[in-house]
Structures are given as C-alpha cells and as structure tokens.
Amino acid sequence: MREFVRCVRRVLSLLLILPLGLPCTWAQDILIPMDAQQADHLKAYGIAYWVLQRGEPVEWLLNYRGGGFLMRSFLELERELAIRGVIHEVLSAPAAALVLADVESDRANTARVRLEKPPRIAVYAPKQTLPWDDAVLLALTYAEVPYETIYDEDVLGGVLSDFDWLHLHHEDFTGQYGKFYQYRNMPWYIEQQREAEESARRHGFRKVSSLKQLVAETIKQYVFEGGFLFAMCSGTDTYDIALAAHNTDIVPADYDGDPVDPDALQKLDYTATFAFTGFTPSFNAAEYEHSDIDAGLPPQQLQNPALDYFTMFEFSAKWDPVPSMLTQNHTATVKGFIGQTTAFRKHRIKPEVVILAEVPLRDEAKYVHGSFGQGTFTFYAGHDPEDYQHFVGDPPTDLSLHPNSPGYRLILNNILFPAARKKKQKT
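A short note on the sheet that holds strand 2 (residues 58–62)
Next, step 1: One open sheet holds the 5 strands; their spatial order is 4-1-3-2-5, and the pairing between them is antiparallel. In this open sheet, the two strands that pair with only one neighbour each are strand 4 (89–91) and strand 5 (111–115). When strand polarity is set aside, the average angle formed by the axes of neighbouring strands in this sheet is 25 degrees.
Next, step 2: Here strand 1 (residues 29–32) runs beside strand 4; their pairing, made up of 3 bridges, is antiparallel. Across the sheet, the residue bridging to isoleucine 30 is valine 90, located in strand 4.
Next, step 3: The strands touched by helix 3 (residues 75–84) within the sheet are strand 1, strand 3 (68–72) and strand 4, with strand 1 carrying the most contacts at an inclination of about 25 degrees.

Re the environment of leucine 81
Next, step 1: Inspection of the secondary structure puts leucine 81 in helix 3.
Next, step 2: The spatial distance from the C-alpha of leucine 81 to the C-alpha of alanine 44 is 8.3 Å, given a sequence separation of 37 residues.
Next, step 3: The contacts of leucine 81, once residues within four sequence positions are left out, are Ile30, Ile32, Ile47, Val86 and His88.

What about the pairing of strand 9 (residues 228–232)?
Next, step 1: Within strand 9, 5 of the 5 residues are buried, leaving the element largely enclosed by the surrounding structure.
Next, step 2: By the alternation rule, side chains of strand 9 split into Phe228, Phe230 and Met232 and Leu229 and Ala231, which are all buried.
Next, step 3: Strand direction decides the pairing type here: strand 8 (residues 165–168) and strand 9, joined by 4 bridges, are parallel. Looking at strand 9, one finds that histidine 167 is bridged to phenylalanine 230.
Next, step 4: The sheet contact formed by strand 9 and strand 15 (residues 375–380) spans 5 bridges and is parallel. Looking across to strand 15, one finds that phenylalanine 230 is bridged to threonine 378.

Parameters and conventions
Residues numbered from 1 in each chain as written. Predicted model: local features only at pLDDT ≥ 70, side-chain atom pairs only at ≥ 80, totals over all residues. Heavy atoms only, no water. Pairing = 2+ DSSP bridges. Helix = DSSP H or I, 4+ residues; strand = E, 2+ residues; numbered from the N terminus. Axes fitted to C-alpha atoms, helices over the stretch in contact; angles between N-to-C directions. Contact = heavy atoms within 4.5 Å. Buried < 20%, exposed > 50% of the residue type's maximum accessible area, 1.4 Å probe, protein only.

Listed below in structure tokens is the structure:
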C-alpha cells in the first residue's frame, strides 16, 4: 500500500512540474483560430511573425477557421500568446495531424501553406510621417511587426535589395504634392514643397516629377526582380500614372512652372503600368483627383457609411493559393472606407490583374493583385479601414478598439504573404 501511495505522489509531482517547462507529448502544437472566436485577429498576425523570427515555421491554414495558424508549441510562445491576448488551442500531436488531414482533404476548399521566413519590411514614406497618417503603419505598430522607413534617397541609394516587402505610403508619384493646391498657403504645404524641391535638386533634377519618375522606375525594377509591393490610397493610382507618363509632362504649371505637354494624352504609355490602362489624368491643378481611375465620389455625394461595403471573392485555396492568402478573413463582407483614391473603376483595370474584392452593384474594385517579373503588386483603395472619412489632423485610429477589423486583416495578409514557401501555381 505504501508503495502505491509513493507512486501516486510521484505521478502528481510530475504533473505539477510539466507545465513549468518540461515537454509534454500530448500537447505539442498551437492552433490560432482566425474565425469569430478570435479575440484579437490583428495581434495574431504579429504572433505568427514573432514565431517566424525565432526560426520556427508556421502553417497557414487557408479557409480553415478563418485562415488559422498552426505551429509547434513551446513555453515562450504560450507566454507570448497570453501577453498579447490571442486566443489559441493546445493540440496533441494526433489532434494536429487530424487538423492537417482535414485541411488537405479534397472535400473542402482549404489548403496548407508553410510560412518559413519573416519578410524584411520597408515603408516608403517621408521621415516625418506619423504612424496614424497611414493604415499600414498603424497595423504594423499594433501587431508588433518590425519595419524600417525609407524614402527617395534610400531607394535611389540601392537599399531596396535589403527588403522583401515594400509599402508605398500615400505618396503622389506624379510630383503634384497630393493635389492639395487649395492648401498651398498653409505652412505644412509650403514646407512639403520646399523639401521636395530641395531633394529633386540634390539628385540633379529641376522638377519634383522627374525625381518621382526615377523613384517609380527603381521600385518597378525591384518588383521585377522579386520584390513584393503593397500600396493604398493615392500610392496606387499615382504610381501607375507616373509610370505611364515617363515620356511626357502631365504636371500643370501651377506645380512645376511649365505647362502640360499638349500631346500628353497621346504620349501616355499604358504598357509601362502595373494595374491600370486607358485612363486620363486630370490636368486641373485645383482638382483633388489624379485621374479617372478613381471611382470615388465627392464629399457632398458620399454614401451613408452604414450602406457602404465591399465583398471579397472566394478563390480555390488549393489551385489559387496566392489570392486565397490575400483574402483570408472571418467575413466576406467588409465595410467601406474612402480616401483620395477610394475605389478603382473596373474598366480601367488590365485584364490580367486579379480583382480580389469589389463594390457590389457598381463598376468598382477595392482590392487588386498582379504579377510583374518575379515579383507581385497588391493595390488596396482607401485610406483607413476603421475611419470612414479621414481628414488631415484627425486623431489616430486606436486599433485596440478594432482588434477584429476585417479591413485591417487584408493589410496583414499581405505582410505574411512573402513568408510563404514558393510553390509552382496550378493555374
């Protein structure tokens, strides 16, 4: 009897010790669900990145539990999950194997993509940019994903080769200072113009548009060689407009002192662009619009935000893993949000570009993706997914109030996308 009691005590002692760090054979994996059960979807992406930083692979389970993550369990990870408030499930090895078998079954539109290396992230933005000026900066900061800020001198200095993923802040690549001409007497506009003109002169250009043209071409080469490009709002259409205008001057004299080329429309080269074709730039300096790519409405005609939404397409996870990764979410319907570039007119999108999300009943796309050379580009219209109509000087969006934001999830899908082990696509 005494021997039995000693055995029981020994077993109980082991059970008390195991949770403190000894390996447990029946609790080897962590499943992070990304469906409606998740308390903080945005922090979950940060956890996935954090695990990759430690040399551990992450299985991205496309269309399974909202695009959940499966990874090996270790004590430091479980502590980090608790600190960040990310809901997770501890699975035994047999249970994890069943999950993977379910995901890889031919009966379901699900797939398994292995993430192996944390992408090196750069944000193209002026040095004085504040985090709340840009939704991507907000997302990266909240999810605790590291990044570096670079700008014109860095791009032209060759630093792009140091990064896997590049985000274009809400830049005006046409050299028209965001077309904020109505604010030309404001101190912030005067300073922005002064700095841009000084930078152009330092690089040997008379006009800001010429500097931005070279920057755009350098970024294009980066994508061609395998870079991943992501842009929002005016960083999308002005980039393509600049590429198309490489042989002509589309900038009104109000900005650069000389008139628009009278043959500018005939000289536009749409073969040079990534996503858009057949568009007409605006030559009116006072118009807060760059071209007819944007389908946005003027403020006086805006919709009721409660009625404004866009829907994502569902792709085959096994046959089209790339668009599937970019559209992972816990809902197919996302509330709309506006910006200088609010949505893209479908008839201005090149036929080979994949539309990931559209605005119902309108000739508009919200989210598009394509390939160029060895790299890819993804354009996401609008300014801030949780600030319907963002104004200059508005307070920052507090993402702790929106931890389950579907609109912000699309941004973070793009951040993890370059970490995927490259597979030969089936389509």
